[in-house]
Amino acid sequence: MTNQETTMDKLISLCKRRGYIFGSSEIYGGLSAVYDYGPLGAELKRNIKNFWWKWMVQKRDNIVGLDAAILMHPRVWEASGHVAGFQDPLVDCKVTKKRYRADQVYVLRPKDGGNDGLMFAFKEGDDELAARKVKNIAKADASTYEKLALTDIPLREFSRIVGPDMKEPGSLTEPRQFNLMFKTHVGPVEDNANVVYMRPETAQGIYVNFTNVINSTRVKVPFGIAQIGKAFRNEITTENFIFRTREFEQMEMQFFVRPGTDMAWFETWKQDRIDYYRQLGIRQEKLRFHEHGEDELAHYAAAAFDIQYEFPFGWKELEGIHNRTDFDLKRHQEWSGRDQSYFDDEVKEKYVPYIVETSAGCDRTLLTVLVDAFAEEKLENDMRTVLRLHPALAPIKAGIFPLVKKEGLSDIAIKLKDELKQHYPVFYDEGGAVGRRYRRQDEIGTPFCFTIDFQTKEDETVTVRDRDSMQQKRIPIRGVFDYLFSKIDKGE
Ligand code: GAP
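Residues numbered from 1 in each chain as written. Predicted model: local features only at pLDDT ≥ 70, side-chain atom pairs only at ≥ 80, totals over all residues. Heavy atoms only, no water.

(A) Expanded view of the domain arrangement of the protein chain. Taken domain by domain, the protein chain consists of domain 1 (46-85 + 182-371), domain 2 (87-178) and domain 3 (396-488). Just the C-alpha atoms count here: the centres of domain 2 and domain 3 sit 58 Å apart. (Domains from an automatic or database assignment.)

Written out as structure tokens, the structure is:
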């Protein structure tokens, strides 16, 4: 590894080398912004989903689960506003054929005498690059330029803009709206009558089942419906590994409340959700709230906060918490003609509930967890790469090592491994020096390693080595399962 390699480069390389994440269909050259989870990634992802489900559904009395289909009646997306409104402005570069989200492109324009001077477009975060272009191409100082959003530049001035990846002006097209939903067809004929969409959020599957859940269970408002599932968006710009992809999983919960109590519930859920990330082991100083201003609010939201994480590429959204008011149920009531109101026998009142939504990305949580856990540490005469994953998330819970293969030590170790495998994924390794075996497990985040040595034969104890502190102690071999249970499931 060279010094120039960034944390992201190192993490991406670790993910591929150790089987966390691969590019999709790599043997065919890959498919842009689509990824596959390898053996360790699949375990980590499942553990994240289980952690979320346990936190949101299993531990509570007022939230139930749902698993709705990806394909839904096309009217759902008309009612939800996605057919008309789920679009991003797109600009193309006619020369490089690159595409940009117009709302993520900025322009440096000369402050004075700017009527015929060149302007320099650049992607969000590339301010320094743009300043260098001003110096090299316009032979001017960037301080004499002002920064504007591309969407604020009149179209007649576009011919003077030097595109983000260009040295000459005039290659950017006018922005045009682009709907992010993937379309497909039901049945053999591809015409407009049988268009269906790949859902761009899981939320709508919950709204259209609101009355089914009310009628089939004993839930009463306030209550929530939680769901984990795939969502698809034909994103214009994808970047930063699995941060923004075209196929991803969401973990969403919709909480139905009496109108007027919505803002209090909104505050409750904000606090609950940030507590969740701390519980997941994410460093507190890397988390913050970001409140959506008027111009950022989605069409359905009366209030919205993001929980952001400080990635190596900046502070970015990890989860959205939205007060969606009665927008969704009212729209479905209107478009389907089915009553979506609820009779509240506490207050003897009929109303369409308000909804407070918590919407997290599973893949984005996985990236956050990996970034937050990744560390390179200098040891006395060595370096180690370690993933400090929460034990409940770690794909492999323990390494089981015989100190040497002979004298019956491997037999004892294999027996322990077979017993533990009934309950936890553990990994048996008898190859090479124990120190190297520890390093291999550190790199994939295995929290504990148990070593069977000669003393085991005498007193039936093993050493347990802790990934984070690297401390070792002896415990009875009979106590290994309880040790793991207390660390992984009880979080002690
Ligand atoms: N139901 C509301 C909703 O979908 P959103 O802010 O568009 O709200 C919620 O998405 C979360 O889904 C985001 O905070 C992010 O974690 C995840 N997400 C959205 N688009 C994504 C993408 N293209 N790739 C990966 N995750 C994405």
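We are not done yet, so read on.
(B) Inspection of the side chain of N209 at higher detail. Inspection of the secondary structure assignment puts N209 in the loop between helix 6 (203-207) and helix 7 (210-216). In this structure N209 comes out as buried when scored by relative accessible area, which is 19%. In terms of polar contacts, N209 uses its side chain to reach the side chain of N212, at 2.9 Å. In this structure N209 touches L66 and A68, once residues within four positions along its chain are discounted. (Helix = DSSP H or I, 4+ residues; strand = E, 2+ residues; numbered from the N terminus. Buried < 20%, exposed > 50% of the residue type's maximum accessible area, 1.4 Å probe, protein only. Polar contact = N/O pair within 3.5 Å; in protein donor to acceptor, adjacent residues only side chain to side chain. Contact = heavy atoms within 4.5 Å.)

(C) Region of the structure containing the pairing of strand 4 (residues 87-92). Burial analysis of strand 4 places five of its six residues in the buried class, which makes it a mostly covered element. Of the pairings in the sheet, the one linking strand 4 to strand 10 (residues 176-179) comprises four bridges and is antiparallel in character. Each residue of the ladder has a partner; that of P89, found in strand 10, is Q177. Where strand 4 and strand 5 (residues 99-101) come together, three bridges link them in antiparallel fashion. Bridging from a neighbouring strand, V91 pairs with Y100 of strand 5. (Pairing = 2+ DSSP bridges.)

(D) Layout of the pattern of salt bridges. Per the counting criterion, the structure on display carries 43 salt bridges. The partner of E157 in a salt bridge is R109, and the shortest N-O contact between them spans 3.1 Å. A residue pair is termed long-range when its members are at least 10 positions apart, and E157 in the loop between strand 8 (145-149) and strand 9 (161-162) and R109 in strand 6 (residues 105-110) qualify at 48 residues. With respect to class, E157 is no different from R109; both count as buried. Three or more residues are tied together by salt bridges with common partners; here these are E377, D382, R384, R388, R439, D442, R465, R467 and D468. (Salt bridge = Lys/Arg side-chain N within 4 Å of Asp/Glu carboxyl O.)

(E) Structural view of unusual backbone geometry. That bond from V221 to P222 is cis: its omega, 0°, falls within 30 degrees of zero. Mapped onto the elements, P222 comes out in the loop between helix 7 and strand 13 (223-232). Phi at K97 takes a positive value of approximately 65°, unusual for a residue other than glycine. Overall, K97 belongs to the exposed group, its relative accessible area being 64%.

(F) Layout of the packing of helix 1 (residues 7-17) against helix 10 (residues 362-373). Packing of helix 1 against helix 10 leaves a shortest axis separation of 11 Å and a crossing angle of 110°. In terms of orientation, helix 1 and helix 10 fall into the roughly perpendicular class. Helix 1 and helix 10 meet at a crossing whose hand is right-handed. Residues M8, L11 and C15 of helix 1 form the contact with helix 10, whose participating residues are L367, L370 and V371. A breakdown of the residues in the contact of helix 1 with helix 10 according to their chemical character gives six nonpolar, no polar and no charged. (Axes fitted to C-alpha atoms, helices over the stretch in contact; angles between N-to-C directions. Parallel < 35°, antiparallel > 145°, perpendicular 65-115°, else oblique. Left-handed = near helix turned anticlockwise from the far one by under 90°. Nonpolar A, V, L, I, M, F, W, Y, C, P; charged D, E, K, R; others polar.)

(G) Focus on the sheet that holds strand 10. Judged by pairing direction, the sheet is antiparallel, and its three strands sit side by side in the order 5-4-10 without closing on themselves. The open sheet is flanked by strand 5 and strand 10, the only strands paired with a single partner. Averaged over all pairs of adjacent strands, the angle between strand axes in this sheet comes to 45°, irrespective of strand direction.

(H) Highlighting the site of the ligand. Every one of the 21 residues lining the ligand counts as a neighbour, but E201, T245, E252, E317 and E357 are closest to it. Taking E201, its side chain carries an N or O atom lying 2.6 Å from a nitrogen atom of the ligand. Separating a nitrogen atom of the ligand from a side-chain N or O atom of E235 is a distance of 2.8 Å. Burial of the ligand by the protein amounts to 93% of the accessible area it has alone, namely 550 Å². In terms of residues, the shell around the ligand owes the most to one element, strand 17 (residues 314-325), which gives six residues. Split by residue class, the shell around the ligand holds five nonpolar, six polar and ten charged. (Near = heavy atom within 4 Å. Areas by Shrake-Rupley, 256 points an atom, 1.4 Å probe, with all protein chains shown as cover.)

(I) Structural context of the sheet that holds strand 20 (residues 354-361). Spatially, the seven strands line up as an open sheet ordered 3-13-14-20-17-16-15, and their pairing is mixed. For this open sheet the edge positions go to strand 3 (63-66) and strand 15 (287-291), each flanked by a neighbour on one side alone. Along the sheet, successive strands turn relative to each other by an average axial angle of 25°, direction set aside. With four bridges joining them, strand 3 and strand 13 adopt parallel strand pairing. When the bridges of strand 13 are listed, V64 appears paired with I225. Contacts between helix 9 (residues 327-336) and the sheet are confined to strand 14 (247-257), strand 17 and strand 20, with strand 17 contributing the most and set at about 55° to the helix.

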